[in-house]
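Structural overview for review
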Amino acid sequence: MSEIPSRPSDCATSGDPKSDPKSDPKRDGKRDPSGDPKSAGVRIASSRLWEIYGSIGLLSAHRGLVPWPYATWDKAARRSLSRSDVTIPGWLVHLFRTGAGGLPPFLLTVPASDAPDLSEELAPLAAVCPARARAELEQRFPRGVPAEVRPLYADPEARAAELRAFLPRYWRAALAPYAATLRAATEEDILRRARTLATQGPEALLNAVGGIAVPGGVAVPGVMAVSGVSRLVLVPLLFGRGTPFSAVSPDGSEAALSYPVEGSAVLVGEAPPERRADTPERGDRLEILIGRSRAGVVRALVVPTTTSDLATTLGLAPSTVSQHLTALVAAGVVRRRRAGVRVLYELDRPGVVLLRHLDHARGMRAAR
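How each quantity is defined
- Residues numbered from 1 in each chain as written.
- Predicted model: local features only at pLDDT ≥ 70, side-chain atom pairs only at ≥ 80, totals over all residues.
- Heavy atoms only, no water.
- pLDDT = per-residue confidence, 0-100.
- Contact = heavy atoms within 4.5 Å.
- Phe/Tyr/Trp six-rings, centres within 6.5 Å; stacked < 30°, edge-to-face > 60°.
- Helix = DSSP H or I, 4+ residues; strand = E, 2+ residues; numbered from the N terminus.
- Buried < 20%, exposed > 50% of the residue type's maximum accessible area, 1.4 Å probe, protein only.
- Lys NZ or Arg CZ within 6 Å of the ring centre and 35° of its normal.

Right, let's talk about the confidence of the model for the protein for a bit. Residue-level pLDDT values for the protein average 77, and 74% of them are 70 or greater. Low pLDDT (under 50) marks residues 13-39, which in the prediction has 62 contacts with non-local residues, meaning those over four places away or in another chain. A low-confidence stretch, residues 360-368 (pLDDT under 50), is modelled with 14 contacts involving residues beyond four sequence positions or located in other chains.

Now the structure itself:
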């Protein structure tokens, strides 16, 4: 691991409004044209640090039962963390369980290169500014910082040092066995987004990942609003569901935003190779009842989605997904609705009850 630089004595730059992800895009009533996505640079960068945070958020938000397609990884990761005696700090768990799963930006760093080393990403944590950290926590908890997060508020520098020691151990136990899978899925997504950027421009790419181009900057409703940035960095995450992560460089010149990688179903492929693709997992009552691929469709429909997106996520042919959806709609488990030109599918009430009952029992067994 590379040497961690000492903390600079001056952290006044952290008070710059343009480095605050919640700041008003109208900075002192002026607009900086360099922050316009049409003229600013856009790059896509992978990040082990952000991927680690995304996976910790998943473990923190779900106690014993995680949504598809993360169940196989979840069970393996929890076992590995236990065997390695790696425990997620309680204050970090509580941060993920509040604020819809996001993190205060001072814990994140804008990736300095397209594929930075973890030690490189951790180095800025040695320069955490206590004043900035406390200000962001006070903004996050306007009614008072809860007791669970008080250790971070009381001594941000000590907790940042704790993170620098903890995160590499977490990576080795929970994610290193999946490093090849993470890299392959991320690189494929980056190539796809790069084509969008080259053929349709930065605004189309930004819209595709949930951002909005505003005069002089970029915004994500309820997450971030920055202005005056000369470059936007998009960070694809396999563990990127939920509230996006966002960060701004200390000088305010770069803003970073995470988005979920398409094709997270690759994690399902980490099951033992001797198991046939059409064989239900032992003890999985939903798969036993309706089959593996159809059970995958049901689990994926906890959020509304289209046939094509579902096929991409599950790695199934669109015709196969369409057959499953037709049967599930006829059975009253799934309903379809039109949203503009798109046709969305989602679980109907009987489907929610079915999934909750059968997957709950499965999750309880896995937690024992």
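Scanning all chains against the criterion turns up 6 aromatic pairs. Arranged with centres 5.8 Å apart and planes meeting at 50°, the rings of Phe166 and Tyr170 form a pair that is tilted. Of this pair, Phe166 and Tyr170 both sit in helix H7 (residues 156-175), separated by 4 residues, roughly a single helical turn. Overall, Tyr170 belongs to the buried group, its relative accessible area being 0%. Linked through ring pairs, Trp50, Tyr53, Phe96 and Phe245 together constitute an aromatic cluster. Sitting above the plane of the Tyr153 ring, Arg134 keeps its charged end 5.9 Å from the centroid.

Before going further, it helps to spend a moment on the side chain of Ser55. With respect to the secondary-structure elements, Ser55 resides in helix H1 (residues 48-61). With relative accessibility at 0%, the residue Ser55 sits in the buried group. Setting aside anything within four residues of it in sequence, one finds Ser55 in contact with Trp73, Tyr170, Leu175 and Phe239.

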